[in-house]
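Breakdown of the fold
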2 protein chains.
Amino acid sequence: MDNLKNSLTEVHNRIKPFIHKTPVLSSSLINAMIGADLVFKCENFQKMGAFKMRGAANAILSLSEEDRQKGVVTHSSGNFAQAVSLAAKSLGVKAYIVMPENAPQVKKDAVRTYEGEIIECKSTPQARASTAEKIKNEKGASFLHPSNQDEVIYGNATAAIELLEECPELDVILTPVGGGGLIAGTALAAKAFSSKCKVIGGEPMNVDDAYRSLISGKIETNERFDTVADGLRTHLGDRNFPIIKDHVERIIRVEEDEIIHAMRIIWERMKIIIEPSCAVPFAAVMKEKETFKNKKIGIILSGGNVDVKKLPF
Amino acid sequence: MDNLKNSLTEVHNRIKPFIHKTPVLSSSLINAMIGADLVFKCENFQKMGAFKMRGAANAILSLSEEDRQKGVVTHSSGNFAQAVSLAAKSLGVKAYIVMPENAPQVKKDAVRTYEGEIIECKSTPQARASTAEKIKNEKGASFLHPSNQDEVIYGNATAAIELLEECPELDVILTPVGGGGLIAGTALAAKAFSSKCKVIGGEPMNVDDAYRSLISGKIETNERFDTVADGLRTHLGDRNFPIIKDHVERIIRVEEDEIIHAMRIIWERMKIIIEPSCAVPFAAVMKEKETFKNKKIGIILSGGNVDVKKLPF
């Protein structure tokens, strides 16, 4: 336990110069609505707009000087692509971002803002993996996984560390569950920095692979991908699943309309912009109000990168 | 000067239990874009979502116990109606809100949330004034003006007081200009709490009554009202105009597309929700970048009450 705490503290100190310490907000209207004390850790205000900056920064900082000179490569069309690009830029490292050729222009532009080099490929998981592999071999670049890599998981843990430093009495922290990197990191942080804080995941019903994985005991995948929470379509991996199995209390599944409703409440009541994936844990709390009554609840608002021209409400 | 400072401090202390001390945010991307240091005083996070809570609270707190028992009345279909309702509710005072019968349902609902009693009238300025007058006479309720009343102006001043406490080195504070209550209060605060901070207004070109008033030396009105900044269609009043004339440096006018662009930048870069009126001062800074280069700039983000289903972008 002390080892874990020391390792996480070391990671936190290492990435501090490259991240924002994001604010923790609350809303008396939302507290009254739920009948509990809620605090929101605003990673939507993080650099590049999502918690992913933490894991990306730690992963690059963990590389040797020699490896840094060869650059890093990832395949992602979402926040992790931006996070790797910005973290790499901050450290003078070259970032190769493999993206499907049909990725939205806005996502390509975001990566280019942070000077990531985009390599386009066909829009299949196989093409993405093989293109990234090719760059790894040709350039000697280090591959960074968005969620299934220890350094990324440890980096992600630092959001919950900051939250627990500010609110040590939390009974529970909720995060969304996509690839599993955020909830695994959060579970490690809760274990190391609190004696009582549980960790619960929120997952869209339509892509409930993590929920099913906890039941079957093995990594399940999704057969459908139709959710507004577009950051949560991925499944768990072999590095984060054991942590989740051991340290996550449970996963609550929510319907699409519940996600959209929760997102809108946070927009309207808190006046902050969060992406749909980010509304899932709050949707879970709204769904199971009785479970959470009178509890001290932390919610990690994972990100705020949303196309304001394409809102679900 | 010391008298003014003492009076404003007294007002601030009086309303503190009824308002939020709102956060001051900044964005390195926006600073780089403008080439200056900008800080944003987030009154969009204020109770009921706008700075109007400050003036409303002070106006009600300034009433005698006897007057409070008779209630308060205002005519507004916007943020001031909500502010009076919530401030009155917090103080156990009855609030009568005169609203045009065609006011949007969402605005009526907001007032009812805070237990204001809505009295509908025809949608003309005359009907609104005469209906409010009637309630004043019948109930003995005290009339509260959204912008042209000393207690409201002094209450509004407290946003800039907090901003200057946190950022004493500001060269300039910008606010939107509608009825004039916010910019007048801000000008008083800058005069009393800073030796150098100027105050500049931002106003939509289409409703530039305040700009014209400063030129002509008398209160001008608008002949057109077509602006996305729907909180800024009103004109100045005899209580705030003298303050504005004496203490506001100048007013910068901006076009509709500049307002919408500025609003979108704040949404996308800062991940916070602001209403169109609230984007006007930042639009002014973007328009006159050269004027503001290397300056320390405070912007009062006046409010965040926007219908997320009806965005201008």
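Residues numbered from 1 in each chain as written. Chains lettered and ligands numbered in written order. Predicted model: local features only at pLDDT ≥ 70, side-chain atom pairs only at ≥ 80, totals over all residues. Heavy atoms only, no water.

Section: the side chain of asparagine 44 of chain A
- Mapped onto the fold, asparagine 44 of chain A is located in the loop between strand S2 (37-42) and helix H3 (52-61).
- There is a polar contact of 3.0 Å between the side chain of asparagine 44 of chain A and the backbone oxygen of isoleucine 273 of chain A.
- If near-sequence neighbours (up to four positions away) are discounted, asparagine 44 of chain A is found in contact with Gly49, Ile272, Ile273, Ile274, Leu301, Ser302, Gly303 and Gly304 of chain A together with Lys271 of chain B. (Helix = DSSP H or I, 4+ residues; strand = E, 2+ residues; numbered from the N terminus. Polar contact = N/O pair within 3.5 Å; in protein donor to acceptor, adjacent residues only side chain to side chain. Contact = heavy atoms within 4.5 Å.)

Points about the sheet that holds strand S5 (residues 117-121) of chain B
Residues and elements named next belong to chain B.
- Taken in spatial order, the four strands line up as S5-S4-S3-S6 in an open sheet, and their pairing is parallel. In this open sheet, the two edge strands, each paired with only one partner strand, are S5 and strand S6 (142-143).
- Pairing of strand S4 (residues 95-100) with S5 involves five bridges; the strand directions are parallel. Pairing of tyrosine 96 across the sheet is with glutamate 117, part of S5. (Pairing = 2+ DSSP bridges.)

With respect to the domain arrangement of chain A
All names here are of chain A.
- Taken domain by domain, chain A consists of domain 1 (2-48 + 153-310) and domain 2 (53-143).
- Between the C-alpha centres of domain 1 and domain 2 there is a distance of 24 Å.
- With 21 residues of domain 1 in contact, the opposing surface of domain 2 contributes 15 residues.
- Interface of domain 1 and domain 2: buried area, both sides summed, is about 1,400 Å²; carbon and sulfur atoms make up 60% of it.
- Interface area lost by domain 1 to domain 2 is led by Arg14, Phe18 and Met48, which between them contribute 49%.
- Put simply, domain 1 and domain 2 have two salt bridges between them.
- One salt bridge in this structure joins glutamate 162 and arginine 54, with 3.0 Å as the shortest N-O distance.
- At the boundary of domain 1 with domain 2, the tally comes to eight residue pairs in polar contact (both at pLDDT 80 or more).
- For the side of domain 1 that touches domain 2, the elements supplying multiple residues, two or more each, are helix H1 (2-15) and helix H8 (150-166).
- Examining the composition of the side of domain 1 that touches domain 2, we find that six residues originate from one element, H8, more than from any other. (Domains from an automatic or database assignment. Buried area = accessible area lost by both parts, 1.4 Å probe. Salt bridge = Lys/Arg side-chain N within 4 Å of Asp/Glu carboxyl O.)

Points about helix H5 (residues 79-90) of chain A
Residue and element names in this part refer to chain A.
- The end-to-end C-alpha distance of H5, which contains twelve residues, comes to 16 Å, matching closely the 16 Å that a straight helix rising 1.5 Å per residue would cover.
- Counting buried residues in H5 gives ten out of twelve residues, a clear majority hidden from the surface.
- Where the residues of H5 are buried, they touch H3, strand S3 (72-75), strand S4 (95-100), helix H6 (105-113) and H8.
- With its phi angle positive at about 70°, glycine 92 sits one or two positions after the end of H5. (Expected span 1.5 Å × (residues − 1). Buried < 20%, exposed > 50% of the residue type's maximum accessible area, 1.4 Å probe, protein only.)

Considerations on the state of the cysteines
- In this structure the tally under the stated criterion is zero disulfides over all chains.
- The thiol of cysteine 167 of chain A is not disulfide-bonded; the next cysteine sulfur, from cysteine 197 of chain A, is found 10 Å away.
- Free of any disulfide, cysteine 42 of chain B has its nearest neighbouring cysteine sulfur in cysteine 278 of chain B, separated by 8.3 Å. (Disulfide = S-S within 2.5 Å.)

Looking at the pairing of strand S8 (residues 198-204) of chain A
Residue and element names in this part refer to chain A.
- Counting buried positions along S8 yields six of seven residues, so the element is predominantly enclosed.
- Here strand S7 (residues 172-176) runs beside S8; their pairing, made up of five bridges, is parallel. Its bridge partner being in S8, threonine 175 is matched across the sheet by glycine 201.
- Where S8 and strand S9 (residues 250-254) come together, five bridges link them in parallel fashion. The residue of S9 that forms the bridge with glutamate 203 is arginine 253.

Structural notes on the side chain of glutamate 162 of chain B
- Tracing the backbone shows glutamate 162 of chain B in helix H8 (residues 150-166).
- For glutamate 162 of chain B, the side chain forms a polar contact with the side chain of histidine 12 of chain B, separated by 2.9 Å.

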